[in-house]
Structure formats: C-alpha cells, structure tokens
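Coordinate analysis (summary)
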Amino acid sequence: MSGSVPQPCILSANLSYGLSMTWRESSDFNPLRARKTLSSQFDAKMGTLGIGDPLLKSLSLTLPSLRPFPSMAGPGVSIPSSQGSLWAFATAPSRSEIFDIAENLAALFAHDFVLEDRMETFTYREGRDLSGYVDGTENPSGERAFSVAISNGTSAPRGSSFAAVQRWEHDLDLLHQHSRSEQDRMIGREIESNREIDDAPISAHIKRSAQESFSPDAFIYRKSMPWAQGEGKGLEFIAFGSSLDPFERILRRMAGADDGVRDALFTFSTPVTGGYYWCPPVSGGRLDLTVS
Ligand code: HEM
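Residues numbered from 1 in each chain as written. Predicted model: local features only at pLDDT ≥ 70, side-chain atom pairs only at ≥ 80, totals over all residues. Heavy atoms only, no water.

Of the two faces of strand β2 (residues 48-51), both are covered, the one formed by T48 and G50 as well as the one formed by L49 and I51. For β2 and strand β5 (residues 86-92), the ladder comprises four bridges, and the chain directions are antiparallel. What sits directly across from G50, in β5, is W87. (Buried < 20%, exposed > 50% of the residue type's maximum accessible area, 1.4 Å probe, protein only. Helix = DSSP H or I, 4+ residues; strand = E, 2+ residues; numbered from the N terminus. Pairing = 2+ DSSP bridges.)

Set out below in structure tokens:
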C-alpha cells in the first residue's frame, strides 16, 4: 500500500534539544539491506529521516524532484555543498533523550552507513537565533504549513517533503561591532519588539527572503535551531517544502546571484554545509520508499 502520510515530526514543533546527523554510505553498503533497514526499522516517531541524491541512486530509485545541493556564489559569497546520503533530525525535551536517539540511530545504520556529521542543537531563549533575533515569525502555520511543507502528489509521492539543511557559523563579535540600530537594519526587524522595519535596506535579511515578494511566491516551513560547540556557534538552518525550488530561489537572492545585492546576514555569518533530502511519507509508522 502506498503511504500518503507525512513523517509526523516534520510538522510538530521543535522541542528544547535537537540533533542533526548526516551519514555517507559505508564500504560495506548493501542496497537491499539498507532499503530494508530504512523501510522496516526506522521509527518515524523518533525523528525525521531524509534521503540524499547519492543514496537515492544507490537504491536505484528515481525521483526527478530531488537533486544534490548546489554550491553557489555571489559577490563576496561562497555557498558550499556537502551533500550527504542520509540525514536525520530529532528533537526531544532533554539531552538524555537526544543521547538515546543518537545511540539508536547509530546502531540502526551501523552496517551500511558511516556518520559524517553530528550537531546537537538547542532552543535559545523563547525561539531566537543566537544573534538575539526572534526566528520563525513569518513561518506558515496550521494547514498552510502542511500545504507548504508536504507534497500533494504531483511532483513527488503524496505526503513526501523535501528538506534543505544548511549550517551557518556566526561571528557574533563582528555582529556586535555594529550599533543596535545597524544590527536591526541588517535583519530588518527590531530586536526587542520584533517589529518589522519597513524602510530597511534591500540587503536586510527579511527583504531578501520576503516569501511573498517572489513570483511565484516562495514559501518554506522553517525548523532551524541554534548550535554551539567549542568556540563555534550558529544556526542549523532547516527548511521543509513540497519542492526544493522556493528555498533555492530565496538562497540565490540572499547570495546576490540575481541582482548583485548580498544579504546582510553574510556580514556576520557563513554557510559551512549544505544538503538536500527527500523525506518519504510513512505507512503504518514506517517509511514508504515507493516512488512510482
Ligand atoms: C544565519 C542564518 C539565518 C538567520 C540567523 C536567519 C534569521 C532570520 C530571522 C531573525 C528572520 C525574521 C523572523 C522570521 O520571520 O522568522 C528570518 C526570516 C526569514 N528567513 Fe532567515 N535566517 C537565516 C538564514 C535563512 C536562509 C538560508 C533562508 C532560506 C534560503 C532563510 C529564509 C527566511 C525566510 C523565508 C524568512 C521569512 C521572510 C518573510 O516572508 O518575511 N533564512 N530569518
């Protein structure tokens, strides 16, 4: 039976602690075993699982709407791709539960995959980026979130979603060299009130990314979370869409690839990873990898 229900964690709110993990295929990779593990052993209640283009090809599956994350360049901007084979994202109320989920996933994928990247994330204050700005204000919610994030079956199996995952590393010292009002104008919102600044420059992040200003509009459902490890800190940017196109159009504009205007975010933050993943629908709580 073909599944048509999205993975449940895509649309549920992020909890306080999170984990983003990426795997590549191991030298012992066995496509039949890997497919079986994915479709019969991953419990979708634990988190969201996404399949990257390299794994799709190894499993001999064809899904034209999935592609590898493109590296991109704009004026003074270089956006890397670090496309993985498999990606998982989970959130939980405590770090203990995150630890358990990580152990569980590591055991599940031990034969066919090698863990390439692992980043623990957390909710900062009441849902702010580490720059201090509220993140997620213009996110679609309710039924609108469902139609933005989940495929209705036209270009991918019904209930599928596509994830764009991009780690940004912040240099907060650089940000704090600017006055509060300059910082507000980089983002396009006032830090305390979260009020939108109507006359912010066109390089302001919310001007670059304004979803309704694209034609056609470019809505995405964001579930980003901050990270901090050692000296490093930033945002694990995560967005879901019924296709990858809206995300990519926003990113191109942020990079200044269309009009030469670079998003002011690049003043203090740099993208260091980038991957695209197909999040298959579920049937009876298990991933349904049927593509046609
Ligand atoms: C350092 C990385 C980033 C930070 C700190 C950041 C932060 C923010 C903040 C503070 C807002 C305003 C509040 C809100 O509506 O959520 C915002 C809005 C938004 N961001 Fe980002 N963002 C980052 C990267 C990205 C990327 C890579 C994309 C997509 C390619 C993106 C897409 C959006 C969109 C679509 C909005 C809402 C715009 C609107 O329709 O008003 N952001 N972001």
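More follows now that the structure is in view.
Applying the stated criterion across every chain, the model contains 18 salt bridges. Of the charged contacts in the structure, one is a salt bridge between E138 and R189, with a shortest N-O distance of 3.2 Å. You can see E138 sitting in the loop between β6 (113-122) and α5 (142-149) and its partner R189 sitting in the loop between α7 (180-187) and α8 (205-209), a full 51 residues away along the chain. In this structure E138 comes out as partly exposed when scored by relative accessible area, which is 45%. Taking the relative accessible area as the measure of exposure, R189 reaches 8% and is therefore buried. In this structure, D259 engages R208 in a salt bridge whose closest nitrogen and oxygen atoms are separated by 2.8 Å. (Salt bridge = Lys/Arg side-chain N within 4 Å of Asp/Glu carboxyl O.)

In terms of burial, strand β12 (residues 275-279) is a largely internal element, five of the five residues being buried. Of the two faces of β12, the one holding G275, Y277 and C279 and the one holding Y276 and W278 are both buried throughout. Across five bridges, the pairing between strand β7 (residues 161-170) and β12 is antiparallel. Bridge pairing in β12 places A163 opposite Y277.

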